[in-house]
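Spelled out, the chains give:
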Amino acid sequence: MLSHFSKFVPLAFVSSLFAGPAFAGVYLNVENRSAFIGKEYDEAATDLHVGFKQNLGNSANIYVQGGPTIFTKEDTDTTHEYSAKVGLEYDVTKNLNFYGEVRAITEEEEITEDMDITTKVGITYNF
């Protein structure tokens, strides 16, 4: 597992060297998504990501993060894949924020043509 994960770290580090003085920094992101069928627990996926965030002026940020995703399912062995996300956050106004993200995850620990790629877009309004 670490041999694949170790490929993400140098790539992320090298990309951070090209960041300008507004570089916002390195972060850790642990995120869990659980699934239920009715009232019964089905499975969970937990991302263990290292990320880098870059300010793009006063109103936008771009980020990239990646690392292993651990899958747990009732009565089965724990498995893992590798995932990465790239996203953009943009403050349209003081109260209105737009965000978008693209996420990819390996299949059987390999990058394939059929691997899972998802997108997320949204708008947040703060009162």
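Preceding block: the structure.
Residues numbered from 1 in each chain as written. Predicted model: local features only at pLDDT ≥ 70, side-chain atom pairs only at ≥ 80, totals over all residues. Heavy atoms only, no water.

## Re the overall build of the protein
Part 1 of the reasoning: Secondary structure summary: the protein contains one helix and six strands in total.
Part 2 of the reasoning: If you list the helices and strands of the protein from N to C, you get α-β-β-β-β-β-β.
Part 3 of the reasoning: Taken over 127 residues, the protein has a buried fraction of 27%.
Part 4 of the reasoning: Of the contacts made within the protein by residues no fewer than 6 positions apart, 44% connect residues no fewer than 24 positions apart. (Helix = DSSP H or I, 4+ residues; strand = E, 2+ residues; numbered from the N terminus. Buried < 20%, exposed > 50% of the residue type's maximum accessible area, 1.4 Å probe, protein only. Contact = heavy atoms within 4.5 Å.)

## Re the pattern of salt bridges
Part 1 of the reasoning: Inspection of the entire model under this criterion finds eight salt bridges.
Part 2 of the reasoning: The partner of K85 in a salt bridge is E31, with the nearest N and O atoms 3.0 Å apart. Taken together, the positions of K85 in strand 4 (residues 79–91) and E31 in strand 1 (residues 23–37) put the pair 54 residues apart, joining distant regions of the chain.
Part 3 of the reasoning: We classify K85 as buried; its relative accessible area is 4%.
Part 4 of the reasoning: Judged by relative accessible area, which is 29%, E31 ranks as partly exposed.
Part 5 of the reasoning: Each member of the salt-bridge network shares a partner with another, and the members are E31, R33, D47, K85 and R103. (Salt bridge = Lys/Arg side-chain N within 4 Å of Asp/Glu carboxyl O.)

## What about the pairing of strand 4?
Part 1 of the reasoning: Relative to strand 4, strand 3 (residues 60–73) runs antiparallel, the two being bridged by 12 bridges. From the neighbouring strand, G67 faces strand 4, where its bridge partner is S83.
Part 2 of the reasoning: If you look at the hairpin formed by strand 3 and strand 4, you'll find five residues sitting between the two strands, and D75 has a positive phi there, around 65°.
Part 3 of the reasoning: Turn length for the strand 4-strand 5 (residues 96–105) hairpin, with the two strands adjacent in sequence and antiparallel, is four residues. (Pairing = 2+ DSSP bridges.)

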